[in-house]
There are 2 protein chains.
Amino acid sequence: MIKKDTIPPVCALDYAFRRIGGKHKARILWYIFKQDNVMRYGELKKRIQNITSKMLTQTLRELEEDGLLNRKVYAQVPPKVEYSLTTTGMELIPFIDHIGAWGRKQMEKESQ
Amino acid sequence: MIKKDTIPPVCALDYAFRRIGGKHKARILWYIFKQDNVMRYGELKKRIQNITSKMLTQTLRELEEDGLLNRKVYAQVPPKVEYSLTTTGMELIPFIDHIGAWGRKQMEKESQ
DNA sequence: CGGTATCCAAGAAGATACTG
DNA sequence: CAGTATCTTCTTGGATACCG
């Protein structure tokens, strides 16, 4: 993702990209959304494939701190943790959809 | 920005964010767009402020290679180079606009 | 004016091992 | 199951100096 919060964002765009510009952030939001807005840690791990536990946990924590994800822990053994989008996170879905469509179009162009 | 192209993107979202997820990329596209879609190197340098020549040049080159920017060199001394969005770059503007608006909203929330 | 070149620091991400 | 901890590597970005 982009950058520590030691330095304040220079503008709203900068701010926004720090929040969702990480390597997997947009995809995580998207996957959860598509899965009826609930996904467990292990499901995400399988879905993203090749991501390490460390990176996944770290990314999820950042999204949570930024108010884009809810984290619900069930007090049971073995543990169960569910992630879902907050209202704020939901507001990003149309843009993620849009940019994904753009990316798809470009990829098709390239492959010609 | 995010990542070398040694490893192919895992999906369209990944692809897209590699292209515009860089530290200054979205802002550069936005500034040029707002300035009637033409900006000179020096103007960008002043506008972005604190960016080094190296980073600015590098970022502009990447945007050019990705087909988002046109680079027009005038054969004169002293040199003059103008950057403008391509059609593909233009297609990103609505998205950048929306995500900027989202960022603005979040920043306002935070400051309360 | 619009860059390059070189070197170095900071930050992001990966490998591996381990745990309540 | 859902993480932590630690160490290492890779990639990005910055400082500085210089050029056609």
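The name an unreviewed UniProt entry gives chain A is Helix-turn-helix transcriptional regulator, with Carboxylicivirga mesophila as the organism.

### Things to note about the packing of aromatic side chains
All names here are of chain A. A full pass over the atoms with the stated rule returns 3 aromatic pairs over all chains. Here the guanidinium or amino end of Arg 19 rests over the ring plane of Tyr 15, the centre of that ring lying 4.1 Å away. Its end group placed over the ring of Tyr 74, Lys 80 keeps NZ or CZ at 4.7 Å from the ring centre.

### Structural notes on the pattern of salt bridges
With the rule as written, the count across this model stands at 10 salt bridges over all chains. The shortest N-O distance in the salt bridge between A:Lys25 and A:Glu62 comes to 2.8 Å. Placement of the pair is A:Lys25 in helix α2 (residues 25-34) and A:Glu62 in helix α4 (residues 53-65), with a sequence separation of 37 residues. Overall, the relative accessible area of 1% leaves A:Lys25 in the buried class. Put simply, B:Lys105 and A:Glu91 hold a salt bridge, and the shortest N to O gap is 3.1 Å. Linking B:Lys105 in helix α6 (residues 93-110) with A:Glu91 in the loop between α5 (87-90) and α6 (93-110), this pair reaches from one chain into another.

### Points about the nonpolar core
Core analysis: the largest hydrophobic core is formed by 58 residues, its most contacted members being A:Ile28, A:Leu29, A:Leu69, B:Ile28, B:Leu29 and B:Leu69. Excluding residues that lie within four positions of it along the chain, B:Leu29 makes contacts with B:Ile20, B:Leu63, B:Leu68, B:Leu69, B:Leu85, B:Leu92, B:Ile93 and B:Ile96.

### A word on the packing of helix α2 (residues 25-34) of chain B against helix α3 (residues 41-48) of chain B
All names here are of chain B. Viewed as axis vectors pointing N to C, α2 and α3 meet at an angle of 120°, and their least axial separation amounts to 11 Å. When the axes of α2 and α3 are compared, the crossing they make is right-handed. Between α2 and α3, the residues in contact are Arg 27, Ile 28, Tyr 31 and Ile 32 and Leu 44, Arg 47 and Ile 48, respectively. Across the contact of α2 with α3, the residue classes break down as 5 nonpolar, no polar and 2 charged.

### Quick look at the side chain of A:Ser84
Residue and element names in this part refer to chain A. Assignment of secondary structure puts Ser 84 in strand β3 (residues 80-85). The class for Ser 84 is buried, based on a relative accessible area of 19%. The residues touching Ser 84, leaving out its near neighbours within four places in the chain, are Ile 32, Asn 37, Leu 68, Leu 69 and Asn 70.

### Comments concerning the relation of the copies chain B and chain A
Superposing chain B onto chain A takes a rotation of 180° combined with a translation of 0.0 Å along the rotation axis, leaving an RMSD of 0.1 Å. The superposition of one copy onto the other is thereby described by a two-fold rotation axis. Residue B:Gly21, judged by its C-alpha, is the member of chain B lying nearest the rotation axis, at 2.8 Å. When you check the interface residues of chain B against chain A, 97% turn up at the interface there too, and the contact is symmetric in its surfaces.

What counts and how
Residues numbered from 1 in each chain as written. Chains lettered and ligands numbered in written order. Predicted model: local features only at pLDDT ≥ 70, side-chain atom pairs only at ≥ 80, totals over all residues. Heavy atoms only, no water. Phe/Tyr/Trp six-rings, centres within 6.5 Å; stacked < 30°, edge-to-face > 60°. Lys NZ or Arg CZ within 6 Å of the ring centre and 35° of its normal. Salt bridge = Lys/Arg side-chain N within 4 Å of Asp/Glu carboxyl O. Helix = DSSP H or I, 4+ residues; strand = E, 2+ residues; numbered from the N terminus. Buried < 20%, exposed > 50% of the residue type's maximum accessible area, 1.4 Å probe, protein only. Core = buried A, V, L, I, M, F, W, Y, C linked by side-chain atoms within 4.5 Å. Contact = heavy atoms within 4.5 Å. Axes fitted to C-alpha atoms, helices over the stretch in contact; angles between N-to-C directions. Left-handed = near helix turned anticlockwise from the far one by under 90°. Nonpolar A, V, L, I, M, F, W, Y, C, P; charged D, E, K, R; others polar. Least-squares fit on C-alpha atoms with pLDDT ≥ 70 in both.

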